[in-house]
Amino acid sequence: RMAHAHGGGVLRTSMNATSETIAIDVIVPVYRGLGPTRRCIQSLRSASQATPYELVLVNDCSPEPDLEDYLASLGGLPHVTVLENKHNLGFVASANLGMSMHPGRDVVLLNSDTEVANDWLDRLRACALSRREIGTVTPFSNNATICSYPDFCRESELPHGVGLGDLDRIFRRVNAGRVIEIPTAIGFCMYIKRACLDEVGLFDAERFGKGYGEENDFSMRAAEKGWSNVLCADTFVFHQGGASFQA
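Summary of the structure given here.

Calculation criteria
- Residues numbered from 1 in each chain as written.
- Predicted model: local features only at pLDDT ≥ 70, side-chain atom pairs only at ≥ 80, totals over all residues.
- Heavy atoms only, no water.
- Buried < 20%, exposed > 50% of the residue type's maximum accessible area, 1.4 Å probe, protein only.
- Helix = DSSP H or I, 4+ residues; strand = E, 2+ residues; numbered from the N terminus.
- Pairing = 2+ DSSP bridges.
- Polar contact = N/O pair within 3.5 Å; in protein donor to acceptor, adjacent residues only side chain to side chain.
- Contact = heavy atoms within 4.5 Å.
- Phe/Tyr/Trp six-rings, centres within 6.5 Å; stacked < 30°, edge-to-face > 60°.
- Lys NZ or Arg CZ within 6 Å of the ring centre and 35° of its normal.
- Right-handed = clockwise from strand over helix to strand, strands pointing away.
- Core = buried A, V, L, I, M, F, W, Y, C linked by side-chain atoms within 4.5 Å.

Turning to the pairing of strand β11 (residues 228–236), a few remarks are in order. Counting buried positions over the 9 residues of β11 gives 9, a clear majority of the element. Note that strand β8 (residues 134–140) and β11 share 6 bridges and pair parallel. Within β11, the residue paired with proline 139 across the bridge is cysteine 232. Across 4 bridges, the pairing between strand β9 (residues 179–182) and β11 is antiparallel. Bridge assignment links valine 179 to a residue of β11, and that residue is cysteine 232.

With that settled, consider the side chain of aspartate 204. The residue aspartate 204 is located in the loop between α6 (194–200) and α7 (205–208) in this model. Within the local environment of aspartate 204, its side chain forms a polar contact with the side chain of arginine 207, the two groups lying 2.9 Å apart. Ignoring sequence-local partners within four residues, the contact set of aspartate 204 consists of Val92, Gly209, Asp217 and Arg221.

Before going further, it helps to examine the packing of aromatic side chains. All chains considered together, the criterion is met by 5 aromatic pairs. Between tyrosine 149 and phenylalanine 236, the aromatic rings sit 6.5 Å apart at their centres with planes inclined by 90°, giving edge-to-face as the arrangement. Note that tyrosine 149 is positioned in the loop between β8 and α5 (164–174) and phenylalanine 236 in strand β11, a separation of 87 residues in sequence. Relative accessible area serves as the criterion here: at 32%, tyrosine 149 is assigned to the partly exposed category. Ring geometry for phenylalanine 171 versus phenylalanine 236: centroids 5.1 Å apart, planes at 40°, classification tilted. Taken together, the residues span a long stretch of sequence, with phenylalanine 171 in helix α5 and phenylalanine 236 in strand β11 at a distance of 65 residues. Grouping aromatic residues by their ring pairs yields a cluster made of Phe140, Tyr149, Phe171 and Phe236. If you follow arginine 38 out to its NZ or CZ, it ends over the ring of tyrosine 70, 5.2 Å from the centre.

Moving on: the pairing of strand β3 (residues 24–30). Counting buried residues along β3, 7 of its 7 residues qualify, which places the element largely inside the surrounding structure. Neither face of β3 is left uncovered, since the one carrying Ile24, Val26, Val28 and Val30 and the one carrying Asp25, Ile27 and Pro29 both have all their residues buried. Pairing between β3 and strand β4 (residues 53–59): 7 bridges, direction parallel. Note on β4: the bridge partner recorded for valine 30 is asparagine 59. As for the winding sense of the linkage, the β-α-β connection from β3 through helix α1 (residues 34–46) to β4 is right-handed. Across 4 bridges, the pairing between β3 and strand β6 (residues 106–110) is parallel. Opposite isoleucine 24, over in β6, you have aspartate 106 as the bridge partner.

Bringing the nonpolar core into the picture now. With 47 residues, the main nonpolar core has Val26, Leu44, Leu55, Leu57, Leu110, Trp120 and Val137 as its most contacted residues. For tryptophan 120, the residues in contact, after removing those within four places along its chain, are Val26, Leu44, Ala47, Gln49, Val108, Leu110, Cys189 and Thr235. Ile27, Val58, Leu197 and Trp227 belong to the second largest nonpolar core, which has 22 residues in total.

Below is the structure:
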């Protein structure tokens, strides 16, 4: 592992992840909640992908020692990088830090209270690459405002008796390859093409501070430059909600 000063944080990274072999950075800013964070990371590591990716965990100066210890324990794993902010910078600055790490890679921003299943990343990437003008991609979820299932713009639990893996497989089969244009990406799970990020710029940390609404601002700026924000209808990601922003 290497440690560097990096944008107000300390970078710890394993040596065996190279830019040539990694296509995507999956960036998870973390502040509180050991249980949800552990479930998120375990789901990421157990979901099998053809797409090579690096998991970038941004410890935003967590006040929870158990969570700090858990994140530190992951730093030596293959294709896992742990960034540590010396001070609490908020979600937006933490996301920007992660997105700035590898300028050649597409990114997925993922909340620490999400869980993924199956080949979720392969499908998000296939959606992103299906049209040149697609800039951002958001999957379906139980808790994702305009991308919510089964009820539009309402938080829901998973359907009774159906696990995440099974539900995601149903979405994969029934909605295979379906792409729907939406006005804005939803930040719980947001794929951003690097070409779009390069043209639009990072999230607006000055205006959006600790977070909430920054992905809407980014999506509007992207749309002004001709990029599309789309729903990847054949992918479902669980979102617990409430861990980052209380009502």
